[in-house]
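Chain by chain, the residues run as shown.
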Amino acid sequence: MNTAVSVPTDRLPLDVERIRADFPILSTKVHGKPLAYLDNGASSQRPRAVLDAERYYAEHLHANVHRGVHHLSQVATDAYEGAREKVRHFLNARSTKEIVFVRGTTEAINLVAQSFAVPNLKAGDEIIVSRLEHHANIVPWQLACERTGAKLVVAPISQAGELEIEAYAALFSARTRLVALSHVSNALGSVLPVRECIDIAHRHGVPVLIDGAQAVPHIPVDVQALGCDFYAFSGHKLYGPTGIGILYAREALLAAMPPWQGGGDMILSVSFEGTTYNELPFRFEAGTPNIAGAVGLGAAIDYVTSLGLPRIAAWEHELLLHATEELSAIDGLRIVGTAADKASLVSFVVDGVHPHDLGTILDQEGIAIRTGHHCAMPVMDFFGLPATARASFSFYNTRDEISRLAAAVVDACRLLR
Ligand code: C6P
């Protein structure tokens, strides 16, 4: 009898070396050193499957969508709408009517701010955001507040960089109209308890937008299980192209929202007496969309799904632990953001060393990290810092790359202190 225990393939560890071969750019040399790409929070790299899908689209399928009766227009439309269905399945949305293609997370949030918030807000109303939001989840609401007289209310965070959930719950009042929260903080890596936050908001009858830019590459997202009303993310952080992103919006909300941009594809008929708008989701996609981007995003979703987000999360967690251990052993280095539930990124500062100088020296070693305020200035203010150095990991990163990072930080400290 064969007594070998067979492990289901979705639980087998990732074969990182084989995966790395799927990403042509990872074999690049920078300043003569092998690239260690640790800036995945800013933008992740594209596997050959995505590059091939974009190229195949351009070479064999390209035409404008939803317009022509000719063959290419139809196959381009099929490719574009096929990508929408992949996104729907990826997020477990009920319908493709709830999936709007946009340029990225920033545009998705601006769409909701202009088309949902502004028409529903009046003076004195309140929008709750948290202290750790990216500017893209602050400024669109500030613009909406300026236009309506509403105001932003800010949920506090702890020194660990965790949302203070009781203080958040206490912010709701009869004036609260919307909540907008990150799923994962880009500056700290904290994973917010969004399910709980959404439940609290819904108990007050308040809809919730989740900024999932930093979540979708790491955490399986099920918008129905979360119960969120809006969910936004960008293709380029999910191993897809730039210039394409997604707004998921609950159909009932989207159906009641006015269009935010006018032009082709979002109309059914136009006359000088009046215009009738197209059905969902096309009503929110004015003009020729980024068709190749959508196709590339669909291929990225296929790629990530084939690896499996639970396996990705397991490896990235190992990388996070390894980085935390190696970096925190460095004299004078402090990790900023120590939430119990963290995605695979480490923000840190080193006594006597400016993060930009550190980033420049690491670059000489072929190590790419991000330094600065990470477009999250309120969170930097909270920690009294102008900037941090941030290493953000992907499933294609290795323990060896992290050890190189730690060794290079030690060398940089010797040089700069
Ligand atoms: N954060 C980073 O290095 P766009 O630019 O629209 O694709 O994504 C904006 C955005 C929104 N929310 C969060 C949580 C984000 O992290 C980002 C992008 C990058 O952290 C570039 S600033």
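Residues numbered from 1 in each chain as written. Predicted model: local features only at pLDDT ≥ 70, side-chain atom pairs only at ≥ 80, totals over all residues. Heavy atoms only, no water.

### Overview of the domain arrangement of the chain
It is common to give the size of an interface as the accessible area lost on bringing the parts into contact. Domain annotation for the chain reports domain 1 (9-37 + 308-416) and domain 2 (50-305). Each of domain 1 and domain 2 was reduced to a C-alpha centroid, and the two centroids are 28 Å apart. Opposite the 36 residues of domain 1 that make contact, domain 2 presents 31 residues. Interface area, domain 1 with domain 2, both sides summed: about 2,600 Å², of which 61% is carbon and sulfur. At the boundary of domain 1 with domain 2, the tally comes to zero salt bridges. The tally of links from domain 1 across to domain 2 stands at 17 residue pairs in polar contact (both at pLDDT 80 or more). Of all elements in the fold, only helix 11 (309-328), strand 14 (345-350) and helix 13 (377-382) reach the threshold of two or more residues within the side of domain 1 that touches domain 2. (Domains from an automatic or database assignment. Contact = heavy atoms within 4.5 Å. Buried area = accessible area lost by both parts, 1.4 Å probe. Salt bridge = Lys/Arg side-chain N within 4 Å of Asp/Glu carboxyl O. Polar contact = N/O pair within 3.5 Å; in protein donor to acceptor, adjacent residues only side chain to side chain. Helix = DSSP H or I, 4+ residues; strand = E, 2+ residues; numbered from the N terminus.)

### Notes on unusual backbone geometry
Cis geometry is adopted by the peptide bond preceding Pro281, which originates at Leu280 and carries an omega value of 0°. Along the chain, Pro281 falls in the loop between strand 12 (274-277) and helix 10 (291-307). For His66, which is not glycine, the phi torsion reads 60° and is therefore positive. By the element assignment, His66 lies in the loop between helix 2 (48-61) and helix 3 (71-91). For Asn92, which is not a glycine, the phi torsion comes out positive at approximately 55°. Looking at the secondary structure, you find Asn92 in the loop between helix 3 and strand 4 (99-102).

### Re the state of the cysteines
In total, this model carries zero disulfides according to the counting rule given. For the unlinked cysteine Cys145, the closest cysteine sulfur is that of Cys197, found at 19 Å. (Disulfide = S-S within 2.5 Å.)

### Quick look at the sheet that holds strand 10 (residues 245-249)
Read across the open sheet, the seven strands follow the order 4-10-9-8-7-5-6; overall the sheet is mixed. Of all the strands in the sheet, the pair left with one neighbour each is strand 4 and strand 6 (151-155). Taking the axes of each pair of neighbouring strands and ignoring which way they run, one obtains an average angle of 20° across the sheet. Here four bridges tie strand 5 (residues 126-130) to strand 7 (residues 176-182), and the two strands are oriented parallel to one another. Counterpart to Val129 in the pairing with strand 7 is Ala180. Against the sheet, helix 3 engages strand 4, strand 9 (230-234) and strand 10, with an angle of about 120° to strand 4. Taken strand by strand, helix 4 (residues 105-120) contacts strand 4, strand 7, strand 8 (208-211), strand 9 and strand 10, and its axis lies near 155° from that of strand 9. (Pairing = 2+ DSSP bridges. Axes fitted to C-alpha atoms, helices over the stretch in contact; angles between N-to-C directions.)

### Focus: the environment of Lys86
In this fold, Lys86 is placed in helix 3. In this structure Lys86 comes out as partly exposed when scored by relative accessible area, which is 32%. C-alpha of Lys86 to C-alpha of Ala300: the two residues are 214 residues apart in sequence and 9.9 Å apart in space. Contacts of Lys86, omitting those with residues within four sequence positions, involve Gly298, Ile301 and Asp302. (Buried < 20%, exposed > 50% of the residue type's maximum accessible area, 1.4 Å probe, protein only.)

### Observations concerning the sheet that holds strand 16 (residues 370-372)
Taken in spatial order, the four strands line up as 13-14-17-16 in an open sheet, and their pairing is antiparallel. Edge positions in the sheet fall to strand 13 (333-336) and strand 16, since each has one partner strand and no second. Strand-to-strand twist in this sheet, taken as the mean axis angle between neighbours without regard to direction, amounts to 30°. Strand direction decides the pairing type here: strand 16 and strand 17 (residues 388-392), joined by three bridges, are antiparallel. Paired with Gly372 across the strands is Thr388, a residue of strand 17.

### Looking at the packing of helix 4 against helix 5 (residues 139-148)
The geometry of helix 4 relative to helix 5 is characterised by a closest axis approach of 9 Å and an angle of 25° between their N-to-C directions. One element, helix 4, and the other, helix 5, form an angle in the roughly parallel class. Judged by the twist between their axes, the crossing of helix 4 over helix 5 is right-handed. Facing helix 4, whose interface residues are Ile109, Asn110, Val112, Ala113, Gln114, Ala117 and Val118, helix 5 presents Pro140, Trp141, Leu143, Ala144, Arg147 and Thr148. (Parallel < 35°, antiparallel > 145°, perpendicular 65-115°, else oblique. Left-handed = near helix turned anticlockwise from the far one by under 90°.)

### Regarding the nonpolar core
Judged by nonpolar contacts, the single largest core of 111 residues is most densely connected at Leu91, Tyr168, Tyr231, Phe233, Phe348, Phe395 and Val409. Per-element accounting of this core gives the leading share, ten residues, to helix 10. Residues from two domains meet in this core; each of domain 1 (9-37 + 308-416) and domain 2 (50-305) gives at least three. Grouped together as the second largest cluster of nonpolar side chains are 29 residues, Val102, Val112, Trp141 and Ala144 included. (Core = buried A, V, L, I, M, F, W, Y, C linked by side-chain atoms within 4.5 Å.)

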